[in-house]
Amino acid sequence: AVSAEAYGQWNKKGDFNPPVYPKTPEQHSRIITKLSSSFMFSSLDDKDKEIVIEAMKECIFPTNSEVIKQGADGAELFIVDTGILSCYKNIKGENKHLKDYHPGEAFGELALLYNAPRAATIIAKTDAILWSLDRDTFNHIVKDAAVKRREKYEAFLAKVDLLSDMDPYERSQLADAFVTSKYNQGEFVIKEGDEGNNFYIVEDGEAIATKTIHAGHAAEEVKRYRPGDYFGELALLKGQPRAANVVALRVLKLVSLDRHSFKRLLGPVESILLRNAKKYEEIIASLT
Ligand code: 1OR
């Protein structure tokens, strides 16, 4: 026998007819580029990506027009094709400018993810072309994976010291962008002198940093990393080669961000990263 619930689930999927808005090949490829730079969509498989692209509708907003109104019901999310948009939130009677959105960025996802009223107002700062995705297609194709990811990482990220003062909304966006990786005991995550392209946070396990302090001698231990600790920021911040090796001491699980996501999502904590980086010099000084 098929349970009512299981049947309902199947039926729901079976009944779902995503909208199809025809696109020129040029529009199609523009959307593909935007989707791959938007964290929430980058992990979709090709079939789902195609459904999302077909369902996207082009919307044109002239300068100063309102795209989203705080407190309203939300029916769609938007991806910026061209133009700049500003996000404002009314906090205790004061209209605060929170951030600007540029091509490739998405907004309006919160109301759809959490079935909540619009949390902020979005205004076109310049003439803008956006792609909108309707709630039904979002719910069927994107939502479950996005909610699961955010829930999975929320508790972990809240415990990472570096991120503790970050706005919870910005922190939850990190979960969309993280890539996870696993290393066995003795494996190198980073090699001293290499070019650096990723930033890492330890999710589980332990790693050790070693560095050549005395020329001609083996690299020496300079630091240990446990869950919640981060590394790999220096090369990205300073545009220098990797300053140390990082090696797994036992099975090591990491979450990482590439250079672009690091810049975009960890901008708010850059001053903390730079301040903490000063401590490296003290460690080196104590070893020489
Ligand atoms: P939405 O569907 O609620 C408004 O419609 C959108 O503004 C929202 O989805 C987000 O995409 C976007 N808090 C809430 N929403 C924000 C925020 C934000 N920033 C952008 N949006 N905060 C700003 C963090 C820098 C927290 C403010 C206290």
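Residue numbers restart at each chain and count upward from 1, following the sequence in its written direction. The predicted origin of the model limits local features to residues at a pLDDT of at least 70 and limits the giving and counting of side-chain atom pairs to 80 or more, whereas totals for whole chains, interfaces and linings rest on all residues. Remark: hydrogens and water are excluded; side-chain values derive from all non-hydrogen atoms of the structure.

1. Describing the sheet that holds strand S9 (residues 179-183)
Any two strands are treated as partners once DSSP identifies two or more bridges connecting them. Only DSSP runs of H or I reaching four residues or more are called helices, and only runs of E reaching two or more are called strands; each is numbered from the N terminus. The four strands lie next to each other as S9-S16-S11-S14, forming an open sheet whose pairing is antiparallel. If you trace the sheet from one side to the other, it starts and ends with S9 and strand S14 (230-231), each paired once.

2. Regarding the side chain of threonine 210
Mapped onto the fold, threonine 210 is located in strand S12 (residues 207-211). Each residue gets one of three labels from its accessible area relative to the maximum for its type: buried under 20%, exposed over 50%, partly exposed in between, using a 1.4 Å probe on protein chains only. A residue is classified by how much of its surface remains accessible, and threonine 210, at 14% relative accessible area, is buried. The contact partners of threonine 210, leaving out residues within four places of it in the chain, are Glu192, Ala219, Glu220, Glu221, Val222, Ala244 and Asn245. Contact definition: two residues touch when any of their heavy atoms are within 4.5 Å.

3. Examining the domain arrangement of the protein
Each domain of the protein was delimited in the assignment, giving domain 1 (7-146) and domain 2 (178-287). The gap between the C-alpha centroids of domain 1 and domain 2 is 35 Å. Note that domain bounds follow an automatic or database assignment of domains.

4. Regarding helix H6 (residues 135-159)
Note on bend: at a given residue it equals the angle between the axes fitted to the 7 residues ending there and to the 7 starting there. Its maximal kink placed at valine 142, H6 deviates by approximately 60°. Within H6, the full set of buried residues consists of Thr137, Phe138, Ile141, Val142, Lys143, Ala146, Val147, Arg150, Tyr153, Phe156 and Leu157. Two N or O atoms form a polar contact when they lie within 3.5 Å of each other; inside protein one atom must be a possible hydrogen donor and the other a possible acceptor, and for residues adjacent in sequence the pair counts only when both atoms belong to side chains. Between a side-chain oxygen at the N-terminus of H6 and the backbone nitrogen of aspartate 136 the separation is 3.2 Å; the capping residue is aspartate 134.

5. Points about the packing of aromatic side chains
Side-chain rings of Phe, Tyr and Trp (the six-membered ring for Trp) are treated as a pair once their centres are within 6.5 Å; stacked means planes under 30 degrees apart, edge-to-face means over 60, and tilted covers the remaining angles. Applying the stated criterion across every chain yields a total of eight aromatic pairs. Seen from their ring centres, phenylalanine 199 and tyrosine 230 are 5.8 Å apart, and the 35° between their planes marks the pair as tilted. Of this pair, phenylalanine 199 sits in strand S11 (residues 198-204) while tyrosine 230 sits in strand S14, and the two are 31 residues apart along the sequence. Across this residue pair, the class does not change: phenylalanine 199 and tyrosine 230 are buried. Relative to phenylalanine 262, the ring of phenylalanine 199 lies with its centre 5.1 Å away and its plane at 40°, an arrangement referred to as tilted. Separated by 63 residues along the polypeptide, phenylalanine 199 in strand S11 and phenylalanine 262 in helix H9 (residues 259-265) bring together distant segments of the chain. For the pair phenylalanine 199 and phenylalanine 262, one class covers both residues: buried. An aromatic cluster of three or more residues is present, and its members are Phe61, Phe78, Tyr101 and Phe107. In this scheme, Lys NZ or Arg CZ marks a charge over a ring once it lies within 6 Å of the ring centre and within 35 degrees of the ring normal. Over the face of the ring belonging to phenylalanine 188 we find lysine 191, whose NZ or CZ atom lies 4.8 Å from the ring centre.

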